[in-house]
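Architecture and fold: a report
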Amino acid sequence: MRHVAFRNGQPLTLQPTEYRLLEYLMRHSGQVLTRTMIFEAVWGFHFDPGTNVIDVHIGRLRRKIDGSGQVPLIRTVRGTGYMITSAPQNAAAPP
């Protein structure tokens, strides 16, 4: 099965796990998702804190969705997890 997403009208061909990861992040846009939440939702079993599988997949996904000159969509929340947002990372929060 082919999984395709689009960014700025350009198709992004994703592996099944990358697609599920992007879909999960997008369904929870603006929400910080812990590694445990991501692992259980995308991989379907309990998180092993000794694994870097999430970080590896996030890195691959970033390379596919963040072209040069584009605002990065996936944000690392240090010590917590990840979130996806369409707003620039340095943008001020609304009052």
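As a reminder, the structure under discussion sits directly above these lines.
Quick summary incoming for the structure in this document. Nothing here was measured: the structure is a model prediction, and the numbers come from that model.

1. Overview of the overall build of the protein chain
Within the protein chain, the secondary structure is distributed over three helices and five strands. Scanning the protein chain from its N terminus toward the C terminus, one meets helices and strands in the order β-β-α-β-α-α-β-β. When each of the 95 residues of the protein chain is scored for burial, the buried share is 33%. Taking the intrachain contacts of the protein chain between residues at least 6 apart in sequence as the baseline, contacts between residues at least 24 apart amount to 41%. Element-wise, carbon and sulfur atoms account for 52% of the exposed surface of the protein chain, whose accessible area totals about 6200 Å².

2. Examining the side chain of Thr17
Locating Thr17 in the fold gives a position in helix α1 (residues 16-27). What makes Thr17 buried here is its relative accessible area of 18%. A distance of 3.2 Å separates the side chain of Thr17 from the side chain of Arg20, its partner in a polar contact. Discounting chain neighbours no more than four positions away, the residues touching Thr17 are Val42, Trp43 and His57.

3. Considerations on the sheet that holds strand β4 (residues 74-77)
The sheet built from three strands is open, its strands ordered β3-β5-β4 with antiparallel pairing. Two strands in the sheet have a free side with no partner beyond their single neighbour: β3 (33-34) and β4. Bridging between β4 and strand β5 (residues 81-84) involves four bridges; their strand directions are antiparallel. Across the sheet, residue Ile74 finds its bridge partner in β5, namely Ile84. Contacts from α1 reach β3, β4 and β5 within the one sheet, and its direction differs from that of β5 by about 75 degrees. Packed onto the sheet, helix α3 (residues 53-65) meets β4 and β5 and runs at close to 145 degrees relative to β4.

4. Quick notes on the pattern of salt bridges
Going through the model one piece at a time under the given rule, you end up with four salt bridges. Between Asp66 and Arg7 there is a salt bridge whose closest N-O contact spans 2.8 Å. Pair noted here: Asp66 is in the loop between α3 and β4 and Arg7 is in strand β1 (residues 3-7), with a separation of 59 residues, a long-range link. In this structure, Arg35 engages Asp55 in a salt bridge whose closest nitrogen and oxygen atoms are separated by 3.1 Å. Of this pair, Arg35 sits in helix α2 (residues 35-42) while Asp55 sits in helix α3, and the two are 20 residues apart along the sequence. Assessed through its relative accessible area of 24%, Arg35 is described here as partly exposed. Judged by its relative accessible area of 32%, Asp55 falls in the partly exposed class.

5. A closer look at the packing of α1 against α3
Orientation of α1 relative to α3, taken along the N-to-C sense of each, is 85 degrees, at an axis distance of 10 Å. As judged from the angle between their axes, α1 and α3 are roughly perpendicular. Within the contact between the two elements, α1 uses Thr17, Glu18, Leu21, Leu22 and Leu25 and α3 uses His57, Ile58, Arg60, Leu61, Lys64 and Ile65. When grouped by side-chain class, the residues that make up the contact of α1 with α3 number six nonpolar, two polar and three charged.

About the cut-offs
Residues numbered from 1 in each chain as written. Predicted model: local features only at pLDDT ≥ 70, side-chain atom pairs only at ≥ 80, totals over all residues. Heavy atoms only, no water. Helix = DSSP H or I, 4+ residues; strand = E, 2+ residues; numbered from the N terminus. Buried < 20%, exposed > 50% of the residue type's maximum accessible area, 1.4 Å probe, protein only. Contact = heavy atoms within 4.5 Å. Areas by Shrake-Rupley, 256 points an atom, 1.4 Å probe, with all protein chains shown as cover. Polar contact = N/O pair within 3.5 Å; in protein donor to acceptor, adjacent residues only side chain to side chain. Pairing = 2+ DSSP bridges. Axes fitted to C-alpha atoms, helices over the stretch in contact; angles between N-to-C directions. Salt bridge = Lys/Arg side-chain N within 4 Å of Asp/Glu carboxyl O. Parallel < 35°, antiparallel > 145°, perpendicular 65-115°, else oblique. Nonpolar A, V, L, I, M, F, W, Y, C, P; charged D, E, K, R; others polar.

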